[in-house]
Each structure stands twice: as C-alpha cells, then as structure tokens.
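Here is how the chains run, residue by residue.
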Amino acid sequence: MMFSRNNGDTCTNRRTLVTLCAVSFLSTFVFLYLHSSITVQTFAIEKELRGTVQNMAQWRDKIVDWVQMLENVTTKPRTRRHGQLYRNETNHSVLDNRTTTDSPVKVFTTPGILLTLFTTWPTRADKYTCHNNTVENWRTFKPNIRPMLFTNEDYLAREVTKKGWSSLPIRQEHFGIPVLKFMYTDAMKVSQSQFYAYANGDILFTSTLIKTLTAVVNSTVIPNDKPIMIVGRRTNVQDVSVSEANSLTNVSKAARKRGKLFSAWAEDYFVTTENYPWKDIPEVVIGRRAYDNWLVLNARKHNHTTIDATLTLLALHQTTKAGNHEGHKATHSEYNHSLLSRLYKRLNYAAGLTSCAEYLTRYDNAMNIKVERRIKTC
C-alpha cells in the first residue's frame, strides 16, 4: 500500500511539473510575441517620426526663404539699359563664389523674361537623381528664367512640363547627338528674352545667375551693340544629394563645403544675347570635346563681347560615377574636333579658355557685381 501511494504521488508531481512547464512555455511565448510586436511598431513609429521631422525641416527652410524674399522686395533706385528697367541689387556674397551664402531670388521689374535657359538629356537610370535635381533647381527661377528641355521622348517631355518647364523637339542631330546652333535658333523662335543660354543638364545654379546677368545688362563698360557671350568655370561636387539640391541655400552650402573649382578649359554654359550670330556657327554637337573652347575662340576672333563670370556666378556641376571628363569618353568624342579641323586650318583651343574672355565680373568693395575689362587676356 505504501508503494502504491508513493507511485500515485509521483504521477501527480509529474503532471504538476508538466503543467508548470507548459504554462511557463506559453507565458514565455506570449511575452516574446508581445515584445517583438511592440518593438516592430516602435521602429515603424520611429521611422514615421523621422520622416515627419525631415519634412518639417525642409518646409522650415522653404518658409525661411519665402520670408526673406518678402523682406527683400523693397523699392530701390533703378537704372535703364536697352529700354528695360532693372533693380539695382546689392549682393552680400563674398568675392569667391565657392564661399557664397546664397540669398533668395528677387523678382525682376521688367516685362518679359531675363533668360531662356535650355538643355537636353536622354532618360538614364544612373542620372535620375542628377536630372531631377536640375529640374527642381531651374524651375526655382521662374518667372525671371524660362527653363526648357529639348527632347524627342514624349514621356520625358510630359514630365518636365508638369514641373513648369517648356519642351521642344530636337530638330537636328548627328549620331543622335543634338546640334547646338539649332537649339539656340529654335529657342529664340518661341521665347522672347534678354539672354539665351545652353547649359549642361547636370549644372545647378543659384541666385548669382540672375544677379550676374543683371549686372551685365546694367553695365556701362561693355558696348551696347555687340553680341555678348558669357561663360565661366564650374564647381564640381561629387554625388549631390536631393537634400543638397532642394534649395538655393543648400546648393551654395554644398559648393562651399565639398566643391572644387574646375579647369578654365571646361565651359558648361554659354549665355548669349539675341543678336548673337548662331546661324553662322558650324554644326557642333553638345557633350563632346572641343566645341566649348572653339566657341569662345570664335567669339573673340569676331570681336564679340566675351565675359568671364566665374568670380560671381556659381555653376555647380553634379559629378556622378561617370566623372568630370564624361565627354572625352563618350561615343563620337572626336566629332567636333574633326569637323572644325576640316573647316579651319589652325585651331588654337588654348585661346578659348574662360580666362581669355575680354571682360570679367567681380564684386566691388560695396559687394555689388561689376563688369570690368580684363587687364591681360590670352
């Protein structure tokens, strides 16, 4: 009997132990499930909060820019050039545009558009961020500047149009590469402005573009009747992010912190007046070597007014994986040089550097942009 009683107690103890183990296991499982669920939700909430904070910071920057713009729109003396009225703007930037703290763009008190700014690019996945940065940056300058894209891609034309750009088809090309002269003549047919400019599709600008062009328009140093070509050196910044490009202030900061002023041989934008004789220019194509230096060389040869705007105009080049000599590696990279060599016996490309321009822009002691004749040219 004693044996039977002990055996029953043992079975009872085993059942109790099994029950306790089951309860412990179930409790542990429930705890782990609830803990993991709460942790996942916490991470999700944290992610949403971070996104909200970032969005609030971006809106804060935009609101600050808007407030500053409203504060800066004041009545100032005006000067007249070519029958157009422009504000006399005081620029508080330093001499070197790489250390410029940019200010919001001021509205021009002039009929029409100051600049028609155009470019072209094909759809490329590796350039998506770069080109979208350009679209957002250039449309910031409306209505003073009219951004325009030359493309034969319907989807691309629709997308930039949604962003406030104009779009024109590429009328003339060689090997699928647009011919520069026809971009200028076609832009002039549809847009009336003081200046017309082609710039590479990876260039970002700041309000120094408008301020520099205003100084040129109001200048009493340069002739009124000659065609004008304005060029300048670019500042390379590697892998520009969306946040670095989302405001004019951030573009200036990126150039100041990470930018490197590039060679005087490289010219990525060409601002010309309406009377510039583009119809007489050979059919050079964009994005291939030699055409940029030849354009400046040719302008000097024909005694056009050439201006180097490097010291006052920030042109940020979005350097990507392709590097800073992309045109030298592209297909048909020698097309322009071959064409020009057939047309002209001597080609001194070194006479077409930005530093060879007859005039330059700089800040005076009062931090106003002035146009000066260069003491020594190439």
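Up top is the structure these notes are about.
Throughout what follows, the structure given in this document is the object of discussion. These numbers were taken from a predicted model, which means no experiment stands behind them.

With respect to topology, 4 strands assemble into an open sheet ordered S9-S15-S11-S12, the strand pairing being mixed. Looking at the sheet topology across the chains shown, the edges are occupied by strand S9 (203-205) and strand S12 (260-261). Both S9 and strand S15 (residues 315-319) contribute to a ladder of 3 bridges, which runs antiparallel. Note on S15: the bridge partner recorded for Phe205 is Ala315. Contacts between helix H2 (residues 128-139) and the sheet are confined to S9 and S15, with S9 contributing the most and set at about 25 degrees to the helix. Running over the sheet, helix H7 (residues 248-258) touches S9, strand S11 (235-238), S12 and S15 and is turned about 90 degrees from S11.

For the rest of this paragraph, the subject is the environment of Ser341. Looking at the secondary structure, you find Ser341 in helix H10 (residues 335-343). Relative accessible area serves as the criterion here: at 34%, Ser341 is assigned to the partly exposed category. At 2.7 Å, the side chain of Ser341 and the backbone oxygen of His337 are in polar contact.

We now examine empty space enclosed by the protein. Empty space among the atoms becomes apparent when a probe as large as a water molecule is rolled across them. A complete count under the given rule lists 3 cavities of 30 Å³ or more for this structure. Roughly 40 Å³ of internal volume is contained in the second largest cavity. What lines the second largest cavity is simply Phe150, Ile170, Arg171, Gln172, Pro178, Val179, Phe182, Met183 and Asp186. Of the residues forming the lining of the second largest cavity, the biggest block, 3 residues, is contributed by helix H4 (residues 180-190). Among the residues making up the lining of the second largest cavity, the classes are represented as 6 nonpolar, 1 polar and 2 charged.

Rules used in this analysis
Residues numbered from 1 in each chain as written. Predicted model: local features only at pLDDT ≥ 70, side-chain atom pairs only at ≥ 80, totals over all residues. Heavy atoms only, no water. Pairing = 2+ DSSP bridges. Helix = DSSP H or I, 4+ residues; strand = E, 2+ residues; numbered from the N terminus. Contact = heavy atoms within 4.5 Å. Axes fitted to C-alpha atoms, helices over the stretch in contact; angles between N-to-C directions. Buried < 20%, exposed > 50% of the residue type's maximum accessible area, 1.4 Å probe, protein only. Polar contact = N/O pair within 3.5 Å; in protein donor to acceptor, adjacent residues only side chain to side chain. 1 Å grid on protein atoms, 1.4 Å probe; cavity = no way out; pocket = protein on both sides within 12 Å on 5 of 7 lines; lining within 4 Å. Points joined across faces, edges and corners; volume = space filled by probe spheres on them. Nonpolar A, V, L, I, M, F, W, Y, C, P; charged D, E, K, R; others polar.

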